[in-house]
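Given next are the chains, with one letter for each unit.
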Amino acid sequence: MKNIIQLLVLILTIHSPFVFADVKVFQQGKKQASHIKSDLKLDASSGFLTADGTPNWGIMNMRLLKFLEQNKKVFKLKKVNSEVLPLRKYHQDRFGITLRLIQRHHRVHIEGSEIVALFNPKGELTALNSSLVPTPKVSVNPKVSQKRAYQIALKHLNIQEPNDVESPKLLIIFNNETPVLVWNFVISDTTKDFHAVKVQVSATTGDIIQTLHLSQHLGEPSQINIYDASVTLLIPNPIYKGILVLKNGKPAFGRSRMVTPQATGGHNSFEKILNFYKTEFDRSSFDNQGSMIKASINVQKHDFFDPLGQKLNAAWMAPWKLFIFGAGNEKMAGFESALDVVAHEFTHAIVSSTSNLEYIGQPGALNEHLADVFGEIVESYNDPTTYNQNPFLLGEHLTGSLIDKYAAIRNMIDPHKSMSPQPSKVSEISDDLKENCSPSPSNDNCGVHILSGIPNQVAARFVSILSPSNIASGWKKLAPLYYRVMTSRLRSKSDFLDYKNQMMDECGSQLSKAECKSLGRFFQQAEI
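Structural notes, computed from the coordinates. (Residues numbered from 1 in each chain as written. Predicted model: local features only at pLDDT ≥ 70, side-chain atom pairs only at ≥ 80, totals over all residues. Heavy atoms only, no water.)

**Brief notes about the pattern of salt bridges**
Where side chains of opposite charge bring their charged atoms close, a pairing between them can arise.
1) Next: Within the structure shown, the criterion is met by 18 salt bridges.
2) Next: A salt bridge links Lys417 to Asp414; its shortest N-O distance comes to 3.9 Å.
3) Next: In this structure, Arg491 and Asp498 form a salt bridge, with 3.5 Å as the shortest nitrogen-oxygen distance.
4) Next: By sharing partners, the salt bridges in this structure join Lys24, Arg484, Arg489, Asp505 and Glu506 into a single network. (Salt bridge = Lys/Arg side-chain N within 4 Å of Asp/Glu carboxyl O.)

Given below as structure tokens:
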């Protein structure tokens, strides 16, 4: 009898239409992945693809939800359906297919709770990256009205004439591991700098839970519009960006005399960056939808009310899809013509439309780190000979006394030598930037520009050992690895540990075992 059963099992195994693949499950806070089996395969025969190869995202999502329902105990969920896990984003490229689902409770989004499903080029489910939480015990009926919460937020920010950058909404967040229902506002002040600030007000008590400043500073080709902000005292904003001087490389009507070297330099930088992402990853603009590039140069040239230090900076203003570049002074200048600086800001824009890494603490530091990485990759791609002479420096082609003194804004191979010294390993993180840190402009949103030095050095050491005599060649080899992790594998709240796990797992798909072993060693040296 036992032999007959074994034979039947063998026959069923041989003739089964499904091949069960091993799926790695990464969960927030867990050091190692667990494993589950899957028969999910996205191909034409299973109805996931149309005859011409176009993905049928609706059917894909339904089957993924069914699979997650079957494995809901792994994620400690009571139920799984499109109400609990609605599809937020989907993407297909040469690396495979990515589906990104967010978590809701009674139709209220749980901030930062999501799951990313990764399918290889064969259409097989290979990995799940999850920050899903057990169904929270919290009421979604606010005791504080939206109007009252809004008034509390305006008073907290001391805003007299507000501009709602995003529509107010209810969210569930975790405050010291306790679920809290909050009103979420993104507001700017039209009388000051139009700088967007996210404020979360408890919908139960009316307390301010969190305040976060949103702009991300440096601390078919899309149309490129360059605006000159030097002709006005206004800070660039959604309503007024400056005077349009260049439209896709040509002077705007009647503006020939206003085209400056800064305007031309800015256009040339964006043109090179768009070409890189299109050529290497078939990406059309920052959002992969061919959106227009809008950039304001010579910001704060007349030093009129500059509380955010925009004169000596470059930034991606995510809520308004706008790049700004400061006019600079004798200390530091030339932001729009420094290819690595512009590529850094452009990569922030890509992150905003893909993994959307939260701009706080370790997720924010990863946002900065990946922007630095692609700043270096784009620069080395366009001029490898010059780059190899002095690699791993971000902003070395800027001019001014600060660059003369420090050589660059950041030093990836030796973070201690950056303009603002950075840690190179986890044990060097100061106590005030650890888990209980409350984000504010004074602490750099819990160290987003500080902590980035840790993964920066891992990247610099890795590329150095892969191609010690030609760093530019090493960056070119690693670009697909970083791109895949940045756009498809990370979650909005991914920390250093999750980043390491995703890099190591993706490395196994793209590089050799020996190369991945080196990468693991560098993560270990960084104490990640």
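Read on, since the account is not over.
**Remarks on the nonpolar core**
1) Next: Counting 93 residues, the largest nonpolar core has Phe270, Phe346, Phe374, Trp475 and Tyr482 as its most contacted members.
2) Next: Residues contacting Phe374, with those up to four places away along its chain left out, are Phe276, Tyr277, Phe281, Ala343, Thr347, Ala479, Tyr482, Tyr483 and Met486.
3) Next: Val25, Leu68, Leu85 and Leu99 belong to the second-largest nonpolar core, a separate cluster that totals 25 residues. (Core = buried A, V, L, I, M, F, W, Y, C linked by side-chain atoms within 4.5 Å. Buried < 20%, exposed > 50% of the residue type's maximum accessible area, 1.4 Å probe, protein only. Contact = heavy atoms within 4.5 Å.)

**Quick word on unusual backbone geometry**
1) Next: Positioned with a positive phi, Ser285 is a non-glycine residue whose angle comes to about 65°.
2) Next: Tracing the backbone shows Ser285 in the loop between α4 (261–281) and β15 (293–299). (Helix = DSSP H or I, 4+ residues; strand = E, 2+ residues; numbered from the N terminus.)

**Quick look at the environment of Ala365**
1) Next: Structurally, Ala365 is set in helix α6 (residues 361–382).
2) Next: Judged by its relative accessible area of 0%, Ala365 falls in the buried class.
3) Next: Spatially, the C-alpha atom of Ala365 lies 4.5 Å from that of Ser452, the residues being 87 residues apart in sequence.
4) Next: Other than its neighbours up to four places away in sequence, Ala365 contacts Gly447, Val448, Leu451, Ser452 and Phe496.

**Structural notes on the pairing of strand β13 (residues 243–247)**
1) Next: Here strand β12 (residues 224–228) runs beside β13; their pairing, made up of four bridges, is antiparallel. From the neighbouring strand, Asn225 faces β13, where its bridge partner is Lys247.
2) Next: Pairing of β13 with strand β14 (residues 250–251), which is carried by two bridges, proceeds in the antiparallel orientation. Bridge pairing in β14 places Leu246 opposite Pro251.
3) Next: Between β13 and the antiparallel strand that follows it, β14, lie two residues; Asn248 among them carries a positive phi value of about 55°. (Pairing = 2+ DSSP bridges.)

**Let's talk about the packing of aromatic side chains**
1) Next: Under the criterion given, the structure shown has 19 aromatic pairs.
2) Next: By the ring-pair criterion, three or more aromatic residues cluster together here, those being Phe270, Phe276, Tyr277, Phe281, Phe286, Trp316, Phe323, Phe325, Phe346, Phe374, Tyr381 and Tyr483.
3) Next: When the ring centre of Phe522 is taken as reference, the NZ or CZ atom of Arg521 above it lies at 5.1 Å. (Phe/Tyr/Trp six-rings, centres within 6.5 Å; stacked < 30°, edge-to-face > 60°. Lys NZ or Arg CZ within 6 Å of the ring centre and 35° of its normal.)

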